[in-house]
Amino acid sequence: ALPIYPRAIVVAADRQHATLYRLANTVLTKLEQLDVVPDIEVGPHMGSSPRQGFHPGKRGETQRDAGERFMRESRSRHAAATAVRAAALAGADADIVVGGVSETALLVSAELPTSFAGRTARTGAIRASMPQADIARFASEALRTLTAERQLQLATALIDDVGQSGHAATGVLDVIHALEQRAVDHLLVSPTLVEREPEAVDSIVQEALFEGAEAETAIAQAADLVDRTADGVLARLRFPIPPARRKVGRRGGRHAIQLVIP
């Protein structure tokens, strides 16, 4: 079956901890927990107890102000370390979902590399203390929304490109032709086509995956767009290819492709 959305690294963070999970096919697996390490230094004071208003860290800074400053700096470092670790776990093919205390979630999101700008979802529904099943549910919802937005952008760009640069193929026959040329980089298939032609879709998808392409089920508005304008299947191509000369499917290659043409 085609994945509805890609896998993700989920961050559930509060002011003291950040727990990292891997989400794959709605299954959430705990990976590790990062903790804030306080970095509060209390300088030597004369007498038996410190007097408010004195701290050696900065002239005129109270002990309370200094403590809050050190804690903010610790949390900022913690957020940065969490972002670095999440990005490393996500790699090039996983998204990131950040939840938990809003202040911390914002810090973590802001520290992620710019390459994750379109691959990050932040949700206020997740709390670090909630059961893992609830974290999985809310993370899946956030990831589905992120995926729907990304798919719609991709589908819109490809539809606009049809007949222009030659980096898009629409419809079953054109996509098969592109697969013959080993040109397919990314495949979007609508659920309607999957229901109508399950065997043909399975062959197309297996061929695409064998060639190193990505394949996914289009959802929400992207699914409607692919149905209306691309007859259920849309492909991004690695390079332009000449137009298909044949009007029928083909057999051969690693997977046999047989189409039922109404």
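Computed from a predicted model, the values in this text were never measured in an experiment.

Visitor: Any chance you could explain the overall build of the protein here in plain terms?
Guide: For the protein, the helix and strand inventory stands at seven helices and nine strands. With 262 residues in all, the protein has 44% of them scored as buried. Restricting to contacts in the protein with at least 6 residues of sequence separation, those with at least 24 account for 72%. Per element, the accessible surface of the protein, about 14100 Å² overall, is 52% carbon and sulfur.

Visitor: Looking at this structure, how should I read the side chain of Asp-161?
Guide: Here Asp-161 shows up in helix α3 (residues 132-161). It turns out Asp-161 is buried and unbridged, and the closest side chain with the opposite charge, Arg-236, is 9.7 Å from it. Contacts of Asp-161, omitting those with residues within four sequence positions, involve Gly-166, His-167 and Ala-168.

Visitor: Where do I start with the sheet that holds strand β4 (residues 95-100) in this structure?
Guide: Hydrogen bonding along the main chain pairs the strands of a sheet, whether they run parallel or antiparallel. In spatial order, the strands read β3-β2-β1-β4-β5; together these five strands make up an open sheet with mixed pairing. The strands lining the two open edges of the sheet, one partner per strand, are β3 (27-35) and β5 (120-123). Sheet twist, expressed as the mean angle between neighbouring strand axes with direction ignored, is 20°. Sheet analysis places β4 next to β5, joined by four bridges and oriented parallel. Bridging across to β5, Ile-96 finds its partner in Thr-120.

Visitor: Is there a simple way to think about helix α4 (residues 172-180) in this case?
Guide: Note: α-helices contain 3.6 residues per turn, so residues at a spacing of three or four share the same orientation. Val-172, Val-175, Ile-176, His-177, Ala-178 and Leu-179 are the residues of α4 that are buried. Following α4 by one or two positions, Arg-182 has its phi on the positive side, about 55°.

Visitor: Just to check I follow, could you spell out the nonpolar core for this structure?
Guide: The tendency in soluble globular proteins is for nonpolar side chains to be buried side by side. Ranked by internal contacts, the top residues of the largest apolar core, which has 21 residues, are Val-175, Val-184, Leu-187, Ile-204, Val-233, Ala-235 and Leu-237. Secondary structure elements with two or more residues in this core: α4, β7 (184-189), α6 (198-210) and β9 (233-237). Examining the composition of this core, we find that five residues originate from one element, α4, more than from any other. Contacts of Leu-237, omitting those with residues within four sequence positions, involve Gly-166, His-167, Ala-168, Ala-169, Ala-178, Ala-183, Val-184 and Asp-185. Membership of the second largest hydrophobic core comes to 18 residues, among which are Ile-9, Leu-20, Ala-105 and Val-108.

Visitor: Explain the packing of aromatic side chains to me, please; I cannot follow it from the model alone.
Guide: Here the distance between the centres and the angle between the planes together describe a pair of aromatic rings. All chains considered together, the criterion is met by zero aromatic pairs. Against the face of Phe-138 rests Arg-137, its NZ or CZ located 4.4 Å from the ring centre.

Visitor: I tried to follow the sheet that holds β9 on my own but got confused; where do I start?
Guide: The four strands lie next to each other as β6-β9-β7-β8, forming an open sheet whose pairing is mixed. In this open sheet, the two strands that pair with only one neighbour each are β6 (168-170) and β8 (214-217). Between one strand axis and the next, the sheet turns by 15° as a mean value, whatever way the strands run. Across four bridges, β7 lies against β8 in parallel orientation. Residue pairing in the sheet places Val-189 in a bridge with Thr-217 of β8. Contacting β6, β7, β8 and β9, α3 runs over the sheet at an angle of about 75° to β9.

Visitor: What's the story with the packing of α4 against α6 in this structure? I'm lost.
Guide: Two quantities define a packed helix pair, namely the angle between the axes and the distance from one axis to the other. α6 packs onto α4 with a crossing angle of 30° between their chain directions and a minimal axis gap of 10 Å. As the angle between them shows, α4 and α6 are arranged roughly parallel. By crossing handedness, the relation of α4 to α6 is classed as left-handed. Residues Val-172, Val-175, Ile-176 and Leu-179 of α4 form the contact with α6, whose participating residues are Ile-204, Glu-207 and Ala-208. A class-by-class count of the residues in the contact of α4 with α6 yields six nonpolar, no polar and one charged.

Visitor: Explain the environment of Val-189 here, please?
Guide: Structurally, Val-189 is set in strand β7. Exposure remark for Val-189: the relative accessible area of 2% places this residue in the buried category.

Visitor: I'm lost on the pairing of β4 in this one. Help?
Guide: Most of β4 is tucked away, with six of its six residues classed as buried. Of the two faces of β4, the one lined by Asp-95, Val-97 and Gly-99 and the one lined by Ile-96, Val-98 and Gly-100 are each fully buried. Taken together, the six bridges between strand β1 (residues 8-13) and β4 define a ladder with parallel strand orientation. For Val-11, the partnering residue across the bridge sits in β4 and is Val-98. You can see the chain leave β4, run along helix α2 (residues 102-111) and come back into β5, and the turn it takes is right-handed.

Rules used in this analysis
- Residues numbered from 1 in each chain as written.
- Predicted model: local features only at pLDDT ≥ 70, side-chain atom pairs only at ≥ 80, totals over all residues.
- Heavy atoms only, no water.
- Helix = DSSP H or I, 4+ residues; strand = E, 2+ residues; numbered from the N terminus.
- Buried < 20%, exposed > 50% of the residue type's maximum accessible area, 1.4 Å probe, protein only.
- Contact = heavy atoms within 4.5 Å.
- Areas by Shrake-Rupley, 256 points an atom, 1.4 Å probe, with all protein chains shown as cover.
- Lys, Arg positive; Asp, Glu negative; His and termini not counted.
- Salt bridge = Lys/Arg side-chain N within 4 Å of Asp/Glu carboxyl O.
- Pairing = 2+ DSSP bridges.
- Axes fitted to C-alpha atoms, helices over the stretch in contact; angles between N-to-C directions.
- Core = buried A, V, L, I, M, F, W, Y, C linked by side-chain atoms within 4.5 Å.
- Phe/Tyr/Trp six-rings, centres within 6.5 Å; stacked < 30°, edge-to-face > 60°.
- Lys NZ or Arg CZ within 6 Å of the ring centre and 35° of its normal.
- Parallel < 35°, antiparallel > 145°, perpendicular 65-115°, else oblique.
- Left-handed = near helix turned anticlockwise from the far one by under 90°.
- Nonpolar A, V, L, I, M, F, W, Y, C, P; charged D, E, K, R; others polar.
- Right-handed = clockwise from strand over helix to strand, strands pointing away.

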